[in-house]
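In case you want the letters, here they are:
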Amino acid sequence: MNKHLAPITILLSIFLIGCTARPELPKVIKASSLDNNYSLVVGSLSRANGLQSFDSWSLLFRTDGEKVEYSNSIKGKMDKNVPFGKYDFDFKERKNSGNIFAYIVPAGDYEIYGTEMTQSYAYTHTRWKESDEFSIKFHAEAGNITYIGEYAIQPVYNGENFIGVPLMASGYWLVDDKFERDLILLKKKYPNLNWSEVTKDIIQQPNSPIFVRKSN
């Protein structure tokens, strides 16, 4: 579903290789890349800790409008073939662990419009995909950096199996402002960029029951 424009293909083509997957994070971002036509969208993606959590979790976003000119996914994935799972988290906290992300996109209006999550246990594999329409909008201003917050997927359980393992029924996303934490990681990754002026565009009232704006 990815559709990248030629000028930014190189910047979005360098990823970590292996069985695990993490949100897009260009190895290098030149300050000159942020001109009157492009913007940098940053934030973080995380999941609840624990073995009975999601194996993969992703948000789908695209240009907001009738004509879709750009679309992509912000995704994370555990390696279930490795005992206890393998993932190169940027931060590990008491309840959640996750990664920063950075996308160079054509300036304009965008929306998060879809989600996908999976969970495997023993011989079972379950996939959840939000079927109800929703739109979480944000604006990527030309020449600027826009922070859209942390999106943390949380499992919802429904009972236990015959050996007492919780049965996952679905999940929901906690949206939070983790700018101070994420800024430290982003500045370390891209010290050449001007981080003194970053625009925050974090959804306050999501129009979907699977998204909850965390109150601090």
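Some remarks on the overall build of the protein chain
Phase 1: Across its full length, the protein chain carries 1 helix and 12 strands.
Phase 2: Along the protein chain, helices and strands appear, N-terminal first, in the series β-β-β-β-β-β-β-β-β-β-α-β-β.
Phase 3: In the protein chain, which comprises 216 residues, the share counted as buried stands at 49%.
Phase 4: Partitioning the contacts of the protein chain with sequence separation of at least 6, the portion at a separation of at least 24 is 72%.
Phase 5: Summed over its atoms, the accessible surface of the protein chain is roughly 11,700 Å², and 51% of this surface lies on carbon and sulfur atoms.

Some thoughts on the nonpolar core
Phase 1: Counting residues in each nonpolar core, the largest one holds 49 residues, and the members touching the most others are Leu 40, Trp 57, Phe 61, Tyr 151, Trp 173, Trp 195 and Phe 211.
Phase 2: Elements supplying a minimum of two residues to this core: β1 (38-48), β2 (56-63), β5 (96-106), β6 (108-121), β8 (136-140), β9 (145-160), β10 (166-176) and α1 (179-189).
Phase 3: The element best represented in this core is β5, accounting for 6 residues.
Phase 4: When residues no more than four places from it in sequence are discounted, the contact partners of Leu 40 are Ile 29, Leu 34, Ala 102, Tyr 103, Ile 104, Asn 144, Ile 145, Thr 146, Leu 193 and Trp 195.

A short note on the pattern of salt bridges
Phase 1: Taken as a whole and assessed by the stated rule, the structure comprises 8 salt bridges.
Phase 2: Glu 111 serves as the salt-bridge partner of Arg 62, at 2.8 Å between the closest nitrogen and oxygen. Within this pair, whereas Arg 62 is found in strand β2, its partner Glu 111 is found in strand β6, the two being separated by 49 residues in sequence.
Phase 3: The salt bridge involving Arg 181 is made with Asp 182; its shortest N-O contact spans 2.9 Å.
Phase 4: A relative accessible area of 0% means that Asp 182 is categorised as buried.
Phase 5: Within this structure, Glu 93, Glu 150, Arg 181 and Asp 182 form a network of salt bridges that share partners.

About the criteria used
- Residues numbered from 1 in each chain as written.
- Predicted model: local features only at pLDDT ≥ 70, side-chain atom pairs only at ≥ 80, totals over all residues.
- Heavy atoms only, no water.
- Helix = DSSP H or I, 4+ residues; strand = E, 2+ residues; numbered from the N terminus.
- Buried < 20%, exposed > 50% of the residue type's maximum accessible area, 1.4 Å probe, protein only.
- Contact = heavy atoms within 4.5 Å.
- Areas by Shrake-Rupley, 256 points an atom, 1.4 Å probe, with all protein chains shown as cover.
- Core = buried A, V, L, I, M, F, W, Y, C linked by side-chain atoms within 4.5 Å.
- Salt bridge = Lys/Arg side-chain N within 4 Å of Asp/Glu carboxyl O.

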